[in-house]
Amino acid sequence: MTPEEINKGLSYITYGLYIVTTAYDGQKNGMIVNTVFQVTAQPARVAISVNKQCLTHELISKSGVFAAMPLDESATLPFIGTFGFRTGRTFDKFAKIPYEIGFLGCPIVKEHTLSYLEVEVQQTIDVGTHTLFIGEVKDVGVLNADAKAMTYDYYHHVIKGKTPARATHIS
Ligand SMILES: Cc1cc2nc3c(=O)[nH]c(=O)nc-3n(C[C@H](O)[C@H](O)[C@H](O)COP(=O)(O)O)c2cc1C
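Residues numbered from 1 in each chain as written. Predicted model: local features only at pLDDT ≥ 70, side-chain atom pairs only at ≥ 80, totals over all residues.

1. A look at the overall build of the protein chain
Okay, step 1: What the protein chain contains, in helices and strands, is four helices and nine strands.
Okay, step 2: The order of α-helices and β-strands along the protein chain, N terminus first, is α-β-β-β-β-α-β-α-β-β-β-β-α.
Okay, step 3: Radius of gyration (C-alpha) of the protein chain: 15 Å, near the 16 Å computed for a compact globule of 171 residues.
Okay, step 4: Its C-alpha atoms give the protein chain principal-axis dimensions of about 45 × 35 × 35 Å. (Helix = DSSP H or I, 4+ residues; strand = E, 2+ residues; numbered from the N terminus. Rg over C-alpha atoms; globule rule 2.2 N^0.38 Å.)

2. Here we look at the sheet that holds strand β1 (residues 18-24)
Picture the strands of a sheet paired through backbone hydrogen bonds; they go either parallel or antiparallel.
Okay, step 1: Strand order in this open sheet of seven strands is β2-β1-β5-β8-β9-β4-β3, and the pairing throughout is antiparallel. With one partner strand each, in any of the chains shown, β2 (27-33) and β3 (36-40) form the two edges of the open sheet. The mean angle between the axes of side-by-side strands here comes to 35°, regardless of whether they run parallel or antiparallel.
Okay, step 2: Taken together, the seven bridges between strand β4 (residues 45-51) and strand β9 (residues 130-142) define a ladder with antiparallel strand orientation. Residue pairing in the sheet places Val50 in a bridge with Thr131 of β9.
Okay, step 3: Contacting β1, β2, β4, β5 (65-70), β8 (115-126) and β9, helix α2 (residues 55-63) runs over the sheet at an angle of about 55° to β1.
Okay, step 4: Where helix α3 (residues 77-84) meets the sheet, it contacts β1 and β2, and its direction lies at approximately 120° from that of β2. (Pairing = 2+ DSSP bridges. Axes fitted to C-alpha atoms, helices over the stretch in contact; angles between N-to-C directions. Contact = placed C-beta atoms within 7 Å.)

3. What about the pairing of β3?
Okay, step 1: Across four bridges, β3 lies against β4 in antiparallel orientation. Across the sheet, residue Thr40 finds its bridge partner in β4, namely Arg45.

So, in C-alpha cells, the structure goes:
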C-alpha cells in the first residue's frame, strides 16, 4: 500500500479537538492536538501525543504538567491557527486570549472551550517523532456546559480546516 492510501484509511478515525497548555519558569504556551484520550479510570489518567519539535513539548518535559481543554464548535480558524499553526517560540499566544492560571499552574483558556483537565505527567513514551505524555488528572472544571464539542470531522468538513505536518495525522 502507498503512504497516501494508508493516510486515507486513517482519516476515518474519529477524534475531538483540544488545546493543550503548560507553563514552566514563567513561560506559558499552548497548542492544538486531536490526541487527548483517557487511558484509565481509577486513577483517572489521560494521554496526549506531542511532536518533539513543538515548544509545548519542551515546556511539558520541564514542567511535568499540562492542561487539556476540548474546543467547542464556536472556535474559529484564526483562533485554531494561533494555537495550531504557529509556534510560541516567536510570539505570546496568550496576548489576546482570555485565560486564568489553574491549580497546577497551567493556563486555562476560557474562550471556545467546554471544560478543562489539569494533569500531572507520570510517564513519557518515546514514539519517534512524538512523545506520549501520560498523567493523572488532578483538577477538572466545566467552562461552558451548553456548548457542543468540536470533532475532528467537523473541523475538516464544516470549518474546512487542515492539519500541519507536525500533527499525528496529516490532512
Ligand atoms: C487540527 C490540528 C490537530 C493537531 N494535532 C496535533 C497533535 O495531536 N499532536 C501534535 O504534536 N501536534 C498537533 N498539531 C500541531 C500543533 O498544534 C502545532 O505544531 C503547533 O504550532 C505547535 O505549537 P508550539 O510550537 O507553540 O508548541 C495539530 C494542529 C492542528 C491544526
